[in-house]
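Results of the structural survey
Below, each chain spelled out in residue letters.
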Amino acid sequence: MFSLILPTYNEAENIPELVRSIKNALACVPHEIIIVDDDSPDKTWHIAQEIAHDQDDVHIIRRVGRRGLSSAVIEGFLSAKGDVFGVMDADGQHDESLLPALYEAALANGGISVGSRYTEGGSVGEWDEQRYLLSRIATKLAMSLCKVKVKDPMSGFFAVHRSTFEKVLPTLNPKGFKILLDFLVHVPKETRAEEIPFTFGKRMHGESKLSRRVQIEFLEYLYDVALGRFIPLVFVKYCIVGSMGVIVHVSAFSLISYFFAGAAEPTFRQFSLSVAVAIETAVVFNFLLNNAWTFSHVRLKGRAALVGFLKFNGACLFGALANYAVSAFLFSFGFAKILSVVVGAFTGVIWNYTMNRMLTWRH
Ligand SMILES: Nc1nc2c(ncn2[C@@H]2O[C@H](COP(=O)(O)OP(=O)(O)OP(=O)(O)O)[C@@H](O)[C@H]2O)c(=O)[nH]1
Ligand SMILES: [Mg+2]
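Residues numbered from 1 in each chain as written. Chains lettered and ligands numbered in written order. Predicted model: local features only at pLDDT ≥ 70, side-chain atom pairs only at ≥ 80, totals over all residues.

Okay, the packing of helix H10 (residues 268-294) against helix H11 (residues 302-332) next. Contact pair H10 / H11: the axes reach a minimum separation of 10 Å and the direction vectors enclose 125°. Taken together, the axes of H10 and H11 are oblique relative to one another. Crossing geometry of H10 relative to H11 is assigned as right-handed. In this structure, H10 uses Val-283, Phe-287 and Asn-291 to contact H11, whose residues at the interface are Ala-305, Phe-309, Phe-312, Asn-313 and Cys-316. Split by residue class, the contact of H10 with H11 holds six nonpolar, two polar and no charged. (Axes fitted to C-alpha atoms, helices over the stretch in contact; angles between N-to-C directions. Helix = DSSP H or I, 4+ residues; strand = E, 2+ residues; numbered from the N terminus. Parallel < 35°, antiparallel > 145°, perpendicular 65-115°, else oblique. Left-handed = near helix turned anticlockwise from the far one by under 90°. Contact = placed C-beta atoms within 7 Å. Nonpolar A, V, L, I, M, F, W, Y, C, P; charged D, E, K, R; others polar.)

What follows is the structure, encoded as structure tokens:
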């Protein structure tokens, strides 16, 4: 049996027509269709529920309070009954007439079959040059990480045998958009993969969800898979935010001291006040960006954000004290000035990162 997953977010206009054409294409293959919808504002889930009500081989999973293409697909696979699981976009860009071939190929090789835009005979259709170029670069980057090589590891149109899915399940990192890539990165080397060419079509209705955020998540995913076990991605993001915080700090200091003293040299009092306000400006900036990006998976909202902000201030203060203590200790033991300061700064960063992970954004 073939279990086809359709991940959906705001695809209400596409679903009825798509389900009809998939059922025609799969007339000779025992199948089920599982729509996994993330509580779409356009009520795709409601339309899917109506279809599922009348048709035994269509099922709907409505996820509330969660988003993510990859995790939606995994959730669909986990509830599927078939021997082979397939995935297809719900916007008409994938050619449903290839579904039987994808099913047969994964059933026969026990591994993966991919609807491929980059193998001979396939094409990206009507993409503009910029999207084509970005996709080629992303594909090359992605390929270097794959244990099993195919020409289109970023395709969203593929099938996988149940046995391969079950082998790889514990190691998957279903973040973002590229679930096939995650499979190819984690499956055993000897897994077989076959590519079947197709031409990427045009979206029937609705809008693309391939946002900038999704593209940044893709880069984060690549980092995580390549280097994440040596230096965790969250720490790298924390340091990036910290570096931007330094720029904010210096800019805020210049502005505020200009406000107090104009072009003249500030008095000691004006200088100290400018530094204090600049520090707090940077702390606010760092907190907001860390909350929105670094720790987006445990983002604080409302009252919790206010309490978190106070803890963040406390952790930064301790970080600064640790920084000072280590620098002063090393310097008093005769270490070079610059070395003492650099080691102190690193200690401060690691200290306040650890405290913030444990206190401010703990799970
Ligand atoms: N369940 C779920 N489905 C999603 C989510 N994001 C996207 N999808 C679905 O995943 C499929 C692919 O998304 P698209 O926006 O078409 O992305 P794309 O095909 O790479 O980009 P375009 O060529 O611009 O359409 C569609 O069926 C979307 O409805 C999500 O967060 N949750
Ligand atoms: Mg699409």
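Still to come is the rest of the account.
With that settled, consider the site of ligand 1. Looking at ligand 1, there are 20 residues lining it, with Pro-7, Ala-72, Ala-90, Ser-208 and Lys-209 nearest. For the shell around ligand 1, the secondary-structure elements that each account for two or more residues are strand E1 (2-8), strand E2 (31-37) and helix H3 (69-78). Within the shell around ligand 1, the residues separate by chemical class into seven nonpolar, five polar and eight charged. (Near = placed C-beta within 6 Å.)

Quite often, the size of an interface is put as the accessible area lost when its parts meet. Domain boundaries assigned for the protein chain yield domain 1 (2-207) and domain 2 (233-360). Between domain 1 and domain 2, the C-alpha centre-to-centre distance is 44 Å. (Domains from an automatic or database assignment.)

Because side chains alternate across strand E6 (residues 158-161), one face comprises the buried residues Phe-158 and Val-160, and the other comprises Ala-159 and His-161, equally buried. Where strand E4 (residues 84-87) meets E6, four bridges bridge the pair, whose relative direction is antiparallel. Residue pairing for E6: Gly-86 is matched across the bridge by Ala-159. Of the strand pairs in this sheet, strand E5 (residues 112-116) and E6 are connected by three bridges, and their pairing is antiparallel. Residue Val-114 lies in a different strand from E6, and its bridge partner there is Phe-158. (Buried ≥ 20, exposed ≤ 12 C-beta atoms within 10 Å, placed from the backbone. Pairing = 2+ DSSP bridges.)

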